[in-house]
Each structure stands twice: as structure tokens, then as C-alpha cells.
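Fold and contact review
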Amino acid sequence: MERISEIRIAGLRTIDSLRLPLPRMTVLIGENGSGKSSIIEACRILSRVPSERFLSEVHSLHGGPELLRSGSSELRIGVQVSREWEAPLDYEIALQVVPPGVLAIVEERLVVLGTPRTPRRIAFERVRGVAHAEYVSSMGEPSPSGSDLVDVKLPPSEPCLAVAGAWSANPAVMHASAALRAIDVQLPFEVDARWALGVAGRPSRLRQPEVLQAPPQRLELYGHNLTNAVFSMKADREEWAKTLGYVRLGLGDHVEDIQTRPVGGGSITMDLELTGGRRLSASTPVSYTHLTLPTKRIV
């Protein structure tokens, strides 16, 4: 199993330079503008690295050059990846603004950190568009060039991890890619009152029935597939009992269960069952009445 045990950020929005160890659970506490959201955004950017759409998504979804801290010449993000029974990995990528005002990858590096038994070595290294990778043969043959590193031709707009499968059988590359792909960023769910959402003209998807779909692999941003996730989890009684225990930690011991039920048209909704036979539905219909109140001019 791969686990990210440290993240490093430099030149991102409000963050000048940060090195943050990540134990099993990390809680971020700080004033507004102190960089909490920037750390979460850095995690989301890292999750995009193994994709060939990395740079296009960094521009379209994260603002491109707007990511850079004022006065910073580059944005640099790195992680350390712990591996069970194997040496940890260290991955880092650096972006700079180039003409015509877009971000480009200027450095990228994956290092297998040393252990008491194994030396530190470079899995791949990319500097100013030129890349070299550790030669790894599935049959154990020596490198054709006689060197531990071989030249790799890369598209200038794509990270090494995004296209590594085409030129590397190195387990370190595959493990680093898997660790970044596994990053899952969630944001607070919509918790405003239904009447307030109705007045604002933006109904909450969480309070609408969902079309029943195949079991989801993960929760969507803002929990938009939460009902389908609950429906799927309830199939395993043992795992659901654990999940319900977490729910009670947040909502209280008066929570008996969460039920899903069909509402027609292939859709399902959720009901929260409470002690005493009480039930709260996530999608109870609500009608909104717009009132016109008389006004008086105050002189």
C-alpha cells in the first residue's frame, strides 16, 4: 500500500514555503487567508498529475498563472510516499509562467529514497524539458547504453507520470502514480436551509432524489452521489455497521439507521431514522411562497 506521508508546497497562492508531515490524521486550523484551502488545492492538483490533461486542467480549473503567489517565479509541489516493505519515494514537480503567459513544466523528479540496505537513486528526472529515467528491464538485462539512466522523449506539456507507462516498467513510477491518483479531495456539503436555497434559486442536489446507478467507486465532489453510495454500502452489513458508527459520532446516538427507498422513475432517496419512530427525509417536497409585503417610506 502506498501512503502520502508528507507534502511540500512553495509559491502557491498565500503559501511561500511549507513542509507538512502527514500522519494518519491531520487537522488544519488557522485564520482566514492562512493557506488551509491552498493546501487542499495543492492536493487536488497533485491528483491530476498522472493525467495527460494535467496542464489543461490546471489552467481551466485552477486558474493557471493565478496559482502563483505574488512575487514568486515558480510553483513547486512535492510529496513523500511511504511504501510497505519498500523504500519510500519522493516526487516533485515545478511549474513556471512562460510566453504567452501560461504555465509549463520546468522540472519533475522521482527519487527512491535510501534505506540502510539500499542507496538513494533517481527513478526519473526532467529538467528544462530534457528527461532521463532509470533503466529497468523485466528480464534483468543491463542497459543497452551501459548507463543506469536512459534518455526519454516526452511531450513538453505532459508530466512524466502521465505517460510513464509507455516507456517505464519501474515499480517506483507505478507506485508514485497510484499514490497520486488515490488522492480524494472533498469539500463541505450543501447545508443551507431548503427555504433559503429556494429563495436563492439554487436547489441542493443533495436534497433531490438520485437516479439509481452502478455502485460508485468514490464519493463525488460535494457528495452529489451520496444516496447511491449509501445504497451500495448497505449491501455489506458488517461494513455498514462500522459506517453507521461514524455517522453516530457526528449526529448522535439517537440515529437508528439511514434507509434508501425508491421514489419512482428509477430514482431513490434517503431517510434518516431516529429513535422514537421519527424519520427525516432528504428530499421532502417543499413549496416556496413568495410574499409581497407592504412598505412604508420613512422620512
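Residues numbered from 1 in each chain as written. Predicted model: local features only at pLDDT ≥ 70, side-chain atom pairs only at ≥ 80, totals over all residues. Heavy atoms only, no water.

The next point concerns the pairing of strand E2 (residues 15–21). As judged from the six bridges shared by strand E1 (residues 2–12) and E2, these two strands associate in the antiparallel manner. Looking across to E2, one finds that Ala 10 is bridged to Ser 17. Between E1 and E2, which follow one another and run antiparallel, lie two residues, and Arg 13 among them has a positive phi close to 50 degrees. (Pairing = 2+ DSSP bridges. Helix = DSSP H or I, 4+ residues; strand = E, 2+ residues; numbered from the N terminus.)

Counting across every chain of the model gives 21 salt bridges. Among the salt bridges present, the one from Glu 57 reaches Arg 53, with a minimum N-O distance of 3.2 Å. Owing to a relative accessible area of 14%, Glu 57 belongs among the buried residues under this scheme. Overall, the relative accessible area of 52% leaves Arg 53 in the exposed class. Taking the shortest distance from any N to any O, the salt bridge between Glu 86 and Arg 83 comes out at 3.5 Å. Residue class for Arg 83 comes out buried when judged on its relative accessible area of 12%. Overlapping salt bridges, with partners in common, bring together Glu 6, Arg 8, Arg 19, Glu 74, Arg 76, Asp 90, Glu 92, Glu 107, Arg 109 and Glu 125 in one network. (Salt bridge = Lys/Arg side-chain N within 4 Å of Asp/Glu carboxyl O. Buried < 20%, exposed > 50% of the residue type's maximum accessible area, 1.4 Å probe, protein only.)

Our focus in this paragraph is helix H2 (residues 54–62). Of the residues making up H2, those classed as buried are Phe 54, Leu 55, Glu 57, Val 58 and His 62. Burial along H2 is one-sided: seen end-on, the buried residues are contained in an arc of 165 degrees. On the buried face of H2, the contacting elements are helix H1 (36–48), strand E4 (86–98) and strand E5 (102–112). One or two residues past the end of H2 sits Gly 63, with phi positive at roughly 95 degrees. (Arc of directions from axis to C-beta. Contact = heavy atoms within 4.5 Å.)

Moving on to the environment of Gly 245. By secondary structure assignment, the location of Gly 245 is in helix H7 (residues 237–251). In this structure the C-alpha to C-alpha distance between Gly 245 and Asp 257, which are twelve residues apart in sequence, comes to 9.9 Å.

Relative to the helices and strands, Phe 54 resides in helix H2. What makes Phe 54 buried here is its relative accessible area of 1%. It is 8.2 Å that separates the C-alpha atoms of Phe 54 and Ser 157, two residues lying 103 residues apart in sequence. Contacts of Phe 54, omitting those with residues within four sequence positions, involve Ile 45, Arg 48, Val 49, Ile 93, Leu 95, Ile 105 and Pro 159.

Axis angle and axis distance: for two packed helices, these are the angle between their axes and the distance between the axes, and together they describe the pair. One way to put it is that H1 packs onto H2 with a least axis distance of 9 Å and a crossing angle of 150 degrees. What the angle tells us is that H1 and H2 run roughly antiparallel. Crossing geometry of H1 relative to H2 is assigned as right-handed. Across from Glu 41, Arg 44, Ile 45 and Arg 48 in H1, the residues of H2 making contact are Phe 54, Glu 57, Val 58, Leu 61 and His 62. Here the contact of H1 with H2 is built from residues that sort into four nonpolar, one polar and four charged. (Axes fitted to C-alpha atoms, helices over the stretch in contact; angles between N-to-C directions. Parallel < 35°, antiparallel > 145°, perpendicular 65-115°, else oblique. Left-handed = near helix turned anticlockwise from the far one by under 90°. Nonpolar A, V, L, I, M, F, W, Y, C, P; charged D, E, K, R; others polar.)

Let us look at the environment of His 175. Within the secondary structure layout, His 175 lies in helix H4 (residues 171–181). The sequence separation of His 175 and Leu 89 amounts to 86 residues, and the corresponding C-alpha distance is 8.6 Å. Every residue in contact with His 175, bar those within four places of it in the chain, is listed here: Glu 2, Arg 83, Glu 86 and Leu 89.

Turning to the nonpolar core, a few remarks are in order. Counting residues in each nonpolar core, the largest one holds 45 residues, and the members touching the most others are Phe 54, Tyr 91, Leu 110 and Leu 180. With sequence-adjacent residues up to four places away left out, Tyr 91 is seen in contact with Arg 8, Val 49, Ile 77, Gly 78, Val 79, Glu 108, Arg 109, Leu 110, Phe 124, Leu 161 and Leu 180. (Core = buried A, V, L, I, M, F, W, Y, C linked by side-chain atoms within 4.5 Å.)

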